[in-house]
Amino acid sequence: ISMKTLEHARIKYTIASYPAGRLFDDLSKGKLDLFNGLHTIPSFKSTTIHSSLNLFPLEMRIYYIGDKKNINFKEELSNRSIVMTRGYSYHDWGTWIRDKSNKVIFYETDTHDASFQMLKKGRVDYLLTYKYIDDACLKNMTIPNLRFNAPSSVHGLHCTFNLNKNMPHADAILKKLEESYRQLIKEGKLKQYN
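This text gives an overview of the structure that appears in the document. (Residues numbered from 1 in each chain as written. Predicted model: local features only at pLDDT ≥ 70, side-chain atom pairs only at ≥ 80, totals over all residues. Heavy atoms only, no water.)

**Section: the packing of aromatic side chains**
As a reminder of what qualifies: Working definition: a ring pair exists when centres of Phe, Tyr or Trp rings (six-membered ring for Trp) sit within 6.5 Å. Plane angles under 30 degrees give stacked, over 60 give edge-to-face, the rest tilted. Secondary structure is summarised from DSSP: a helix means a run of H or I of at least four residues, a strand means a run of E of at least two, and numbering begins at the N terminus for each. Summary of the burial criterion: residues with accessible area below 20% of their type's maximum are buried, those above 50% are exposed, and those between are partly exposed, where the area comes from a 1.4 Å probe applied to protein chains only. When the NZ atom of lysine or the CZ atom of arginine is within 6 Å of a ring's centre and also within 35 degrees of its normal, the charge is said to sit over that ring.
For the structure shown, the criterion picks out eight aromatic pairs. Ring geometry for tyrosine 90 versus tyrosine 130: centroids 5.3 Å apart, planes at 0°, classification stacked. Within this pair, whereas tyrosine 90 is found in the loop between β5 (81-85) and α3 (91-98), its partner tyrosine 130 is found in strand β7 (residues 126-130), the two being separated by 40 residues in sequence. Both residues of the pair, tyrosine 90 and tyrosine 130, count as buried. What links up through ring pairs into an aromatic cluster is the set Phe24, Phe35 and Phe44. Sitting over the ring of phenylalanine 148, arginine 61 keeps its end group 3.9 Å from the ring centre.

As structure tokens, then:
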């Protein structure tokens, strides 16, 4: 979404990938200018501006194989194993899962494909990921009896354009991004998510 929108708006950019904590910190401190994701990160409150439009919903999914228990609340993961992809916060679930006192056996991989491979090979009970990311992985991978549920404790999360408010012309750039995004939707060059 960002690349197409930036190109259409004729805004020069460089793409970089960071672990979630560093990304949030760098955007808050003005070392990064733009992030399309949740605007509800605590450090963003006084340091960023965000678009009024929602780019796409962020639905967490928990995948499993066969007849394992549906996981609706993070507390149900105690004494179970789960894999997540490094670099994502997973709302408040990521922090809870990584807390050793909650007795979750967790693994973090560098790619979503690697996470699905761990699940497929039976090395973990569950995989935590996001809708839309899984679509790309599962186009090239078959996992018999694969199931998922969207935890009922996470609702209504949407991604937005987030800019450091101290970058030069931040308000004008945000407006330009929103206009570009709307135009691409209108032209059918980007999908509008419900």
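Don't stop here, the text continues.
**Here's the deal with the environment of tyrosine 181**
Among the structural elements, tyrosine 181 can be located in helix α6 (residues 170-186). The buried category is assigned to tyrosine 181, whose relative accessible area is 4%. Along the backbone, tyrosine 181 and leucine 163 are 18 residues apart, and their C-alpha atoms lie at a distance of 15 Å.

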